[in-house]
Amino acid sequence: MKPKDQDHEDLKLRLARIAKQSCNRTCADCPEKRPTWVSLIKPQQNFALGSTSLVCFVCLECAGLHRKLGTHICFVRSVVNLDEWEIHDVDAAEYTGNEVVNKIFEGHIQKSLSNSPGAADAVNIKPIQGAHVATRERFIRQKYVDLYFY
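The structure presented is a predicted model; accordingly, all values stated were derived computationally and were not measured. (Residues numbered from 1 in each chain as written. Predicted model: local features only at pLDDT ≥ 70, side-chain atom pairs only at ≥ 80, totals over all residues. Heavy atoms only, no water.)

A. Highlighting the sheet that holds strand β1 (residues 37-41). Strand order across the open sheet formed by 3 strands is β2-β1-β3, with antiparallel pairing between neighbours. Unpaired on one side and paired on the other, β2 (54-58) and β3 (74-78) mark the two borders of the sheet. Recorded for the sheet is a direction-independent mean angle of 25° between the axes of neighbouring strands. (Pairing = 2+ DSSP bridges. Helix = DSSP H or I, 4+ residues; strand = E, 2+ residues; numbered from the N terminus. Axes fitted to C-alpha atoms, helices over the stretch in contact; angles between N-to-C directions.)

In structure tokens:
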């Protein structure tokens, strides 16, 4: 049996490999590159997933906004050596990630926009590079709390 420290090192290496996958190299909620935080999203009643959590990779600014959502929605951990990881969380990161999370939470983003005035702005619904914090927060709340695009 491996020592506990070695187990944690193995989890960190696995997580680093997952973070380098192409779908996880950009923040799940904005166009920032190389996200260094992970949001573990707790399943809500509307979900029919069977998973204990969904995992997306986010930038520092979006991570702070995910934290503001509350631990009943999600909790945030560092990809870079700041937090200890459990095997089930790393497994969740391996099987979900940004592509899966965005397919779920942004699955109907175009449909929602086509039913609203100003649908021509569909391309700009996600915050752009350097977007104001209020714009990011509104989008993140609509996406994960209100399930507006779910």
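B. Region of the structure containing a negative patch on the surface. Together, Asp5, Asp7, Glu9, Glu84 and Glu86 give the surface a local cluster of negative charge. In this structure, Asp5 sits in helix α1 (residues 4-19). Judged by its relative accessible area of 63%, Asp5 falls in the exposed class. (Patch = residues over 30% accessible without salt bridge, like charges linked within 9 Å, V, L, I, M, F, W, Y side chains within 5 Å. Areas by Shrake-Rupley, 256 points an atom, 1.4 Å probe, with all protein chains shown as cover. Salt bridge = Lys/Arg side-chain N within 4 Å of Asp/Glu carboxyl O. Lys, Arg positive; Asp, Glu negative; His and termini not counted. Charge placed at Lys NZ, Arg CZ, Asp CG, Glu CD. Buried < 20%, exposed > 50% of the residue type's maximum accessible area, 1.4 Å probe, protein only.)

C. Structural detail: the packing of aromatic side chains. Inspection of every chain in the model, using the stated rule, returns 4 aromatic pairs. Ring plane angle 45° and centroid distance 6.5 Å describe the contact between Phe105 and Tyr150, whose orientation is recorded as tilted. Taken together, the residues span a long stretch of sequence, with Phe105 in helix α4 (residues 97-105) and Tyr150 in the segment after α6 (133-144) at a distance of 45 residues. Judged by relative accessible area, Phe105 falls into the buried class, the value being 0%. (Phe/Tyr/Trp six-rings, centres within 6.5 Å; stacked < 30°, edge-to-face > 60°.)

D. Highlighting the packing of helix α2 (residues 60-69) against α6. Two elements in contact, α2 and α6, have axes separated by 10 Å at closest approach and are oriented at 50°. Put simply, α2 runs oblique to α6. By crossing handedness, the relation of α2 to α6 is classed as right-handed. Residues Glu61, Cys62, Leu65, His66, Lys68 and Leu69 of α2 form the contact with α6, whose own contacting residues are Val133, Arg136, Glu137, Ile140, Arg141 and Tyr144. Here the residues of the contact of α2 with α6 sort into 6 nonpolar, 1 polar and 5 charged. (Parallel < 35°, antiparallel > 145°, perpendicular 65-115°, else oblique. Left-handed = near helix turned anticlockwise from the far one by under 90°. Contact = heavy atoms within 4.5 Å. Nonpolar A, V, L, I, M, F, W, Y, C, P; charged D, E, K, R; others polar.)

E. Region of the structure containing the pairing of β2. Of all 5 residues that make up β2, 5 are buried, and the element is covered over most of its length. Residue alternation in β2 divides its side chains into two sets, Leu54, Cys56 and Val58 and Val55 and Phe57, and both sets are buried. Bridging between β1 and β2 involves 5 bridges; their strand directions are antiparallel. Counterpart to Leu40 in the pairing with β2 is Val55.

Remember that the coordinates give geometry; whether it matters functionally is a separate question.
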